[in-house]
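Summary of the model geometry
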Amino acid sequence: MPNLLSVVDAVERIRARAACLPQEMVPLKESAGRALAVEVIADHDLPPFDNSAMDGYAVHSVDLLGATPELPISLDADVTILAGPGEAPALPPGRAMRIMTGAPLPPGADAVVPVERTARDGEGHVLF
């Protein structure tokens, strides 16, 4: 069997023969497919509040400990938080709030359960 290179030796050989390209400034429209030479850091958050990345239910994760498909946990959810700026009401323990994509997270919530992972019972409760 021929002598095979280790991964480490192969990477070292590639790096020894590869040349670093110089940094250059290009207009944003011409930058597609290029790599940044330095890290870019925004000077402010956008949006300027913690928000939900999906439609679902804002919850306290401890309220759902032990939930399974066979033994779901039921929580009341009678508040809906719509997308956009604004303040959401605080989430009390033992409750959930329906939340839309882009809506501000309510104070106290530490998780959002996707709507597809829930079900509603006939009495207005959400099953997790």
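A few points on the structure. For clarity, every value in this text was computed on a predicted model and none was experimentally measured. (Residues numbered from 1 in each chain as written. Predicted model: local features only at pLDDT ≥ 70, side-chain atom pairs only at ≥ 80, totals over all residues. Heavy atoms only, no water.)

**Some thoughts on the overall build of the chain**
The line we're drawing: Helical segments are the DSSP runs of H or I of at least four residues, strand segments are the runs of E of at least two, and each set is numbered from the N terminus. It is over C-alpha atoms that the radius of gyration is taken, and the globule rule equals 2.2 Å times the number of residues to the power 0.38. Throughout this description, buried means an accessible area under 20% of the type-specific maximum (1.4 Å probe, protein chains only), exposed means over 50%, and partly exposed covers the range between. Note on contacts: a residue pair qualifies if any of its non-hydrogen atoms lie within 4.5 Å across the two residues. This count recognises Lys and Arg as positive and Asp and Glu as negative, with His and chain-terminal groups excluded. Throughout, a charge is located at the NZ atom of Lys, the CZ atom of Arg, the CG atom of Asp or the CD atom of Glu.
Looking only at helices and strands, the chain features one helix and seven strands. In the chain, the order of α-helices and β-strands from amino to carboxyl end is α-β-β-β-β-β-β-β. Over its C-alpha atoms the chain spans a radius of gyration of 25 Å, topping by over 25% the 14 Å that the globule rule assigns to 128 residues. The principal-axis extents of the C-alpha atoms in the chain amount to approximately 70 × 50 × 20 Å. The burial tally for the chain puts 20% of its 128 residues in the buried class. A sequence separation of at least 24 residues applies to 58% of the contacts in the chain between residues at least 6 apart. Computing the positive centroid from 9 side-chain charges and the negative centroid from 18, the chain places the two 12 Å apart.

**A word on the environment of Met-54**
Residue placement: Met-54 occurs in the loop between helix H1 (7–17) and strand E1 (56–59). Considered as a pair, Met-54 and Leu-75 are 21 residues apart in the sequence and their alpha carbons are 19 Å apart. The contacts of Met-54, once residues within four sequence positions are left out, are Ile-99, Met-100, Thr-101, Val-112 and Pro-114.

**Considerations on the sheet that holds strand E6 (residues 119–120)**
Strand pairing in a sheet relies on backbone hydrogen bonds, with the paired strands running either antiparallel or parallel. The criterion, for reference: In this description, strands pair whenever DSSP reports at least two bridges between them.
A sheet is described by the order of its strands in space; here three strands give the open sequence E2-E7-E6, paired in antiparallel fashion. In this open sheet, the two edge strands, each paired with only one partner strand, are strand E2 (74–76) and E6. Pairing geometry for E6 and strand E7 (residues 125–127), over two bridges, is antiparallel. Bridge assignment links Ala-119 to a residue of E7, and that residue is Leu-127.

**Comments concerning the packing of aromatic side chains**
Put simply, the test is: Stacked, tilted and edge-to-face are the three classes applied to pairs of Phe, Tyr and Trp rings, where Trp contributes its six-membered ring and a pair requires centres within 6.5 Å; stacked means planes under 30 degrees apart, edge-to-face means over 60, and tilted covers the rest. Charge-over-ring placement is defined geometrically: NZ (Lys) or CZ (Arg) within 6 Å of the ring centre, and within 35 degrees of the ring normal.
Tallied over the full model, the rule gives one aromatic pair. For the cation-ring pair, Arg-98 lies above Tyr-57, with the distance from its terminal atom to the ring centre recorded as 5.4 Å.

**Focus on the nonpolar core**
The condition that has to hold: Here, the term nonpolar core denotes a set of buried Ala, Val, Leu, Ile, Met, Phe, Trp, Tyr and Cys residues that are joined through side-chain atoms within 4.5 Å.
Formed by Tyr-57, Val-59, Leu-64, Leu-75, Ala-77, Ala-96, Val-113, Val-126 and Phe-128, the largest nonpolar core amounts to nine residues. Formed by eight residues, the second largest nonpolar core is a distinct cluster that contains Ile-81, Met-97, Ile-99 and Ala-103.

**So, the environment of Ser-74**
Here Ser-74 is to be found in strand E2. Each C-alpha atom of the pair Ser-74 and Arg-17 lies 61 Å from the other, and the pair is 57 residues apart in sequence. In contact with Ser-74, other than residues within four places in its own chain, are Asp-121, His-125, Val-126 and Leu-127.

**Things to note about the pairing of E1**
Bridge analysis of E1 against strand E4 (residues 97–99) gives three bridges, and the strand direction is antiparallel. Across the sheet, the residue bridging to Gly-56 is Ile-99, located in E4.

**Remarks on the sheet that holds strand E3 (residues 80–81)**
Pairing within the open sheet is mixed, and its four strands lie in the order E3-E4-E1-E5. The open sheet has two edge strands with one neighbour each: E3 and strand E5 (111–114). Pairing of E3 with E4, which is carried by two bridges, proceeds in the parallel orientation. For Ile-81, the partnering residue across the bridge sits in E4 and is Ile-99.

Interpretation in functional terms is not warranted from these geometric data alone.
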